[in-house]
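One-letter residues, chain by chain:
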Amino acid sequence: MGRPRILILGGTGEARLLAVALAARGHCDVLLSLAGRTEKPAAQPVPVRIGGFGGAAALADFLKAGGYDLLIDATHPFAERISANAAFAAEASGIAAIALCRPEWQRLPGDRWRDVRSIPAAIEALGPSPRHVLLATGRQGAHFAEAAPQHFYLIRSVDPVAPPLALANVDYLLDRGPFTLEGECALLKQHDIDAIIAKNSGGAATYAKIEAARLLGIEVMMVARATASTVKTVETVEAALAAVDHLVAPAMKRGV
């Protein structure tokens with residue numbers, strides 16, 4: 001028997017930190033899978049595959065064919081389809097699985113949040129009067145803004161929005177977190193932003209816009225997460241490592 005094999009479904013900072021920690025330990029073979037939605041992904045400390053699997057059943061086949069002992073879903077908290085596929089594939093293949101998902105942001109005194117279920121609902125909640133909006137949900141949801149062309153949109157994303165939106169009042173900003181509170185305050189003031197559309201992604205890398213909105217009294221349309229993963233979920237890299245130790249221990253003993 002060989003060393004335990006772990007497949008990480010990644011694309012988040014937590015996935016990379018987990019891969020770094022596992023690589024440093026050196027007792028498992030780790031493959032990090034990225035969806036390929038980012039044009040220039042960050043360098044990774046373990047072997048990487050890029051692209052989808054072709055559905056939940058195909059992912060299950062991949063796990064079985066590769067002899068994997070553990071599946072770790074460390075995708076973005078809003079990657080609902082991938083997480084659902086991961087849960088199905090783990091059950092179908094009989095392979096252990098955990099999800100690494102950072103906790104949500106919590107409302108604090110001074111926050112002007114309006115909770116919404118989706119990006120279209122957030123666009124609708126802006127109302128009919130023209131507003132200056134920071135759309136900070138990534139390029140994939142940007143096209144929903146076309147339903148309310150009366151607003152000005154500043155759309156921030158890692159990769160370009162393609163094709164460009166059919167809007168007269170739109171600016172694009174290509175940038176990647178982490179962001180600073182000072183920088184976010186300056187950005188919001190520069191563009192006279194009076195509303196922010198954001199996903200409740202959690203984590204520190206993009207939280208500065210929420211802090212800046214609180215300080216400046218700006219309304220935030222906060223898109224809520226969908227139902228959590230059905231597999232065992234941990235919130236930190238440290239907890240994920242502890243789960244790995246517990247779940248792959250039998251495989252390590254078999255390999256001795």
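It should be noted that the structure appears before, not after, this text.
Residues numbered from 1 in each chain as written. Predicted model: local features only at pLDDT ≥ 70, side-chain atom pairs only at ≥ 80, totals over all residues. Heavy atoms only, no water.

**Student:** Just checking my understanding: could you explain the packing of helix 5 (residues 181–190) against helix 6 (residues 208–216) for this structure?
**Tutor:** Helices that pack against each other are described as a pair by the angle of their axes relative to one another and the distance between those axes. Between helix 5 and helix 6, the shortest axis-to-axis distance is 8 Å and the interhelical angle comes to 60°. Considering the angle they form, helix 5 stands oblique to helix 6. Helix-helix and strand crossings are classified by hand; for helix 5 and helix 6 the assignment is right-handed. Here helix 5 contributes Leu-181, Glu-184, Cys-185, Leu-188 and Lys-189 to the contact with helix 6, which in turn contributes Ala-208, Lys-209, Glu-211, Ala-212, Ala-213, Leu-215 and Leu-216. Tallied by class, the residues present in the contact of helix 5 with helix 6 amount to 8 nonpolar, no polar and 4 charged. (Axes fitted to C-alpha atoms, helices over the stretch in contact; angles between N-to-C directions. Helix = DSSP H or I, 4+ residues; strand = E, 2+ residues; numbered from the N terminus. Parallel < 35°, antiparallel > 145°, perpendicular 65-115°, else oblique. Left-handed = near helix turned anticlockwise from the far one by under 90°. Contact = heavy atoms within 4.5 Å. Nonpolar A, V, L, I, M, F, W, Y, C, P; charged D, E, K, R; others polar.)

**Student:** I'm lost on the packing of helix 2 (residues 56–65) against helix 3 (residues 80–93) in this one. Help?
**Tutor:** Packing of helix 2 against helix 3 leaves a shortest axis separation of 8 Å and a crossing angle of 50°. Between helix 2 and helix 3, the angle falls in the class oblique. The interaxial crossing formed by helix 2 with helix 3 has right-handed handedness. Of the residues in helix 3, those touching helix 2 at Ala-56, Ala-57, Leu-59, Ala-60, Leu-63 and Lys-64 are Asn-85, Ala-86, Phe-88, Ala-89, Ala-92 and Ser-93.

**Student:** Help me understand the sheet that holds strand 2 (residues 29–34), please; the structure alone is not making it clear to me.
**Tutor:** Backbone hydrogen bonds are what pair the strands of a sheet, in a parallel or an antiparallel way. Ordered by their spatial adjacency, 6 strands build an open sheet running 3-2-1-4-5-12, and the pairing between neighbours is parallel. Looking at which strands have only one partner, the edges of the open sheet turn out to be strand 3 (48–50) and strand 12 (232–234). The sheet shows a mean angle of 25° between the axes of neighbouring strands, taken without regard to direction. Where strand 5 (residues 96–100) lies against strand 12, 3 bridges are found, and the strand directions are parallel. The residue bridging Ile-98 from the neighbouring strand is Lys-232, located in strand 12. Taken strand by strand, helix 1 (residues 13–25) contacts strand 1 (5–9), strand 2, strand 4 (70–73) and strand 5, and its axis lies near 160° from that of strand 1. On top of the sheet, helix 3 reaches strand 1, strand 4 and strand 5; it is set at about 165° to strand 4, its chief contact. (Pairing = 2+ DSSP bridges.)

**Student:** What exactly am I supposed to notice about empty space enclosed by the protein here?
**Tutor:** A probe as big as a water molecule, rolled over the atoms, marks out the empty space that is left. A full pass over the atoms with the stated rule returns 1 cavity of 30 Å³ or more. In this structure, the largest cavity encloses a volume near 30 Å³. In terms of lining residues, the largest cavity is bounded by Thr-12, Glu-14, Ala-74, Thr-75, Pro-77, Leu-100, Cys-101 and Arg-102. Grouping the constituent residues of the lining of the largest cavity by class yields 4 nonpolar, 2 polar and 2 charged. (1 Å grid on protein atoms, 1.4 Å probe; cavity = no way out; pocket = protein on both sides within 12 Å on 5 of 7 lines; lining within 4 Å. Points joined across faces, edges and corners; volume = space filled by probe spheres on them.)

**Student:** I would appreciate a short explanation of the pairing of strand 1 in the present structure.
**Tutor:** Consecutive residues of a regular strand have side chains that alternate between opposite faces of the sheet. Counted residue by residue, strand 1 has 4 buried out of 5 residues, so it is predominantly covered. Relative to strand 2, strand 1 runs parallel, the two being bridged by 5 bridges. Pairing of Leu-9 across the sheet is with Ser-33, part of strand 2. Of the crossover connections in this fold, the one passing from strand 1 over helix 1 to the parallel strand 2 is right-handed. (Buried < 20%, exposed > 50% of the residue type's maximum accessible area, 1.4 Å probe, protein only. Right-handed = clockwise from strand over helix to strand, strands pointing away.)

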